[in-house]
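Single-letter residue listing:
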Amino acid sequence: MDDSKLEPADVNDAIDAYTQAIKINPEDGNAHFRMGVCYRIRYESRQQMPSDFQTAVDHWTRARQIEPNQYIWRRRIEQYGPRATKPYPFYDWVQAATNDIRARGDQPVELRVLPTSSEIADPGGSPDNEQLDVKPPDPQGRILRDEQRLISAEVTVIPPRIKPGETVRVHVTLRPDKKLKAHWNNEAEPLKLWVDPLPGWKAQPQLLTAPQGNRPETSEPRQIEFELHAANDTSGTSKLSAYVLYYVCEGAGGTYSFLRQDIPITVTVDQ
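Residues numbered from 1 in each chain as written. Predicted model: local features only at pLDDT ≥ 70, side-chain atom pairs only at ≥ 80, totals over all residues. Heavy atoms only, no water.

**Considering the sheet that holds strand β6 (residues 202–204)**
Argument step 1. Spatially, β1-β3-β9-β6 is the arrangement adopted by the 4 strands of the open sheet, whose pairing is antiparallel. Unpaired on one side and paired on the other, β1 (151–158) and β6 mark the two borders of the sheet. Within this sheet the neighbouring strands show an average axis-to-axis angle of 25 degrees, counted without direction.
Argument step 2. The sheet contact formed by β1 and strand β3 (residues 167–176) spans 8 bridges and is antiparallel. (Pairing = 2+ DSSP bridges. Helix = DSSP H or I, 4+ residues; strand = E, 2+ residues; numbered from the N terminus. Axes fitted to C-alpha atoms, helices over the stretch in contact; angles between N-to-C directions.)

What follows is the structure, given as structure tokens:
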């Protein structure tokens, strides 16, 4: 099966096929890798499920465990992973090519999915938004919680397992609930995410903001990435706390609310 030619409508059939292949041979690295590709394709489609990205990463990781010398499989995890593990910026050429095309008077093809910040990060560059003496935006937890889940939060940790003292890159995607007709208010302050690392851990950066839409009201997904450096003396499953603050509205013409959502982040550290 050629996964590169899969249409989103076919991806569920492909996932079923690779699921059967893995049941027959759990050590089939190629099936695990291709299963991960299918989950990533579905994640980028309208059929996406909240866990698809993490499931893709888990299968890519399993494929690499089975065949650790497979170059392409290793690069796929590095593509989305921590800055220090990258051999080079994977897709920094995309914006340069876009600018060159426009400079010669042509219109570049609009990409359905733009590269994430991890995919254009320079491993030799400075850390993302290095911060000193930052303060939490809601230290006492007084902002009302988003009890309705007007905004859903998806968390993907890459790689899913690390050694003490190593680093993961955390991808947080926030989506307004279409059924509730939720949307962002772009005339207020931008969305903020705060990370509370455990003792001995380090979040980089600790306070992040997401770009706002180009209209007063929009309902696009918003993505934020940061890195967590594990303590040198930690092991097992560690649960860290983070939260996001945002202005959101339910339904057309509804009242905007300033809300908070607490986001647990789980990292597994093996000795």
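Read on, since the account is not over.
**Observations regarding the packing of helix α2 (residues 29–43) against helix α3 (residues 52–66)**
Argument step 1. Look at α2 against α3: their axes get within 8 Å of each other, and the N-to-C directions meet at 160 degrees. By the criterion of interaxial angle, the relationship of α2 to α3 is roughly antiparallel. α2 and α3 meet at a crossing whose hand is left-handed. Along its contact with α2, which presents Gly29, His32, Phe33, Met35, Gly36, Val37, Tyr39, Arg40, Arg42 and Tyr43, the element α3 presents Asp52, Phe53, Thr55, Ala56, His59, Trp60, Arg62, Ala63 and Ile66. (Parallel < 35°, antiparallel > 145°, perpendicular 65-115°, else oblique. Left-handed = near helix turned anticlockwise from the far one by under 90°. Contact = heavy atoms within 4.5 Å.)

**Looking at the packing of α2 against helix α4 (residues 71–80)**
Argument step 1. Contact pair α2 / α4: the axes reach a minimum separation of 11 Å and the direction vectors enclose 35 degrees. Every pair of crossing elements has a handedness; the one defined by α2 and α4 is left-handed. Counted together, Gly29, Asn30, Phe33, Val37 and Arg40 of α2 and Ile72, Trp73, Arg76 and Tyr80 of α4 form the full contact between these two elements.
Argument step 2. Tallied by class, residues from the contact of α2 with α4 come to 5 nonpolar, 2 polar and 2 charged. (Nonpolar A, V, L, I, M, F, W, Y, C, P; charged D, E, K, R; others polar.)

**Digging into empty space enclosed by the protein**
Argument step 1. On inspection of all chains with the given rule, the structure shows 1 cavity of 30 Å³ or more.
Argument step 2. By volume, the largest cavity is sized at about 80 Å³.
Argument step 3. Lining the largest cavity are Arg40, Tyr43, Phe53, Thr116, Glu154, Val155, Thr156, His171, Thr173, Gln223 and Glu225.
Argument step 4. Of all elements in the fold, only α2, β1, β3 and β9 (222–229) reach the threshold of two or more residues within the lining of the largest cavity.
Argument step 5. Of the residues in the lining of the largest cavity, the class split is 3 nonpolar, 5 polar and 3 charged. (1 Å grid on protein atoms, 1.4 Å probe; cavity = no way out; pocket = protein on both sides within 12 Å on 5 of 7 lines; lining within 4 Å. Points joined across faces, edges and corners; volume = space filled by probe spheres on them.)

**Regarding a nonpolar patch on the surface**
Argument step 1. Side chains of Tyr71, Ile72 and Tyr88 sit close together on the surface and give an oily, nonpolar patch of about 300 Å² of accessible area.
Argument step 2. Here Ile72 shows up in helix α4.
Argument step 3. Judged by its relative accessible area of 47%, Ile72 is partly exposed. (Patch = residues over 30% accessible without salt bridge, like charges linked within 9 Å, V, L, I, M, F, W, Y side chains within 5 Å. Areas by Shrake-Rupley, 256 points an atom, 1.4 Å probe, with all protein chains shown as cover. Salt bridge = Lys/Arg side-chain N within 4 Å of Asp/Glu carboxyl O. Buried < 20%, exposed > 50% of the residue type's maximum accessible area, 1.4 Å probe, protein only.)

**Thoughts on the layout of surface pockets**
Vacant regions in the atomic arrangement are exposed by a probe of water-molecule size rolled over the atoms.
Argument step 1. A volume near 1,600 Å³ is recorded for the largest pocket.
Argument step 2. At the level of elements, α2, β1, β3, β7 (207–209) and β9 are the ones that each hand at least two residues to the lining of the largest pocket.
Argument step 3. Examining the composition of the lining of the largest pocket, we find that 4 residues originate from one element, β9, more than from any other.
Argument step 4. Residue classes in the lining of the largest pocket are distributed as 15 nonpolar, 10 polar and 13 charged.

**Structural notes on α4**
Argument step 1. When we look at burial in α4, the residues that qualify are Trp73, Arg75, Ile77, Glu78, Gln79 and Tyr80.
Argument step 2. Buried residues along α4 sit in contact with α2, α3, α6 (117–120), β1 and β3.
Argument step 3. Two or three places before Ile72, at the start of α4, stands the capping residue Gln70, its side-chain oxygen 2.9 Å from that residue's backbone nitrogen. (Polar contact = N/O pair within 3.5 Å; in protein donor to acceptor, adjacent residues only side chain to side chain.)

**Points about α3**
Along an α-helix, a turn takes 3.6 residues, which lines up residues three or four apart on a common side.
Argument step 1. Helix length check: α3 (15 residues) gives 21 Å between terminal C-alpha atoms against 21 Å at 1.5 Å per residue, within 8%.
Argument step 2. Every buried residue belonging to α3 is among Asp52, Phe53, Gln54, Ala56, Val57, His59, Trp60, Thr61 and Ala63, and all of these are buried.
Argument step 3. In this structure, the buried residues of α3 make contact with α1 (11–24), α2, α4, β1 and β3. (Expected span 1.5 Å × (residues − 1).)

**Points about the side chain of Thr61**
Argument step 1. By secondary structure assignment, the location of Thr61 is in helix α3.
Argument step 2. Classification of Thr61 by relative accessible area gives buried; the value is 16%.
Argument step 3. When sequence neighbours within four positions are dropped, the list of residues in contact with Thr61 reads Ile77 and Pro160.

**Focus on the side chain of Ser118**
Argument step 1. You can see Ser118 is positioned in helix α6.
Argument step 2. Among the residues examined, Ser118 registers a relative accessible area of 0% and is labelled buried.
Argument step 3. With residues up to four places along the chain from it excluded, the contact list for Ser118 reads Gln79, Tyr80, Gly81, Lys86, Arg169, His171 and Glu225.

Bear in mind that shape data such as this cannot, by itself, settle questions of function.
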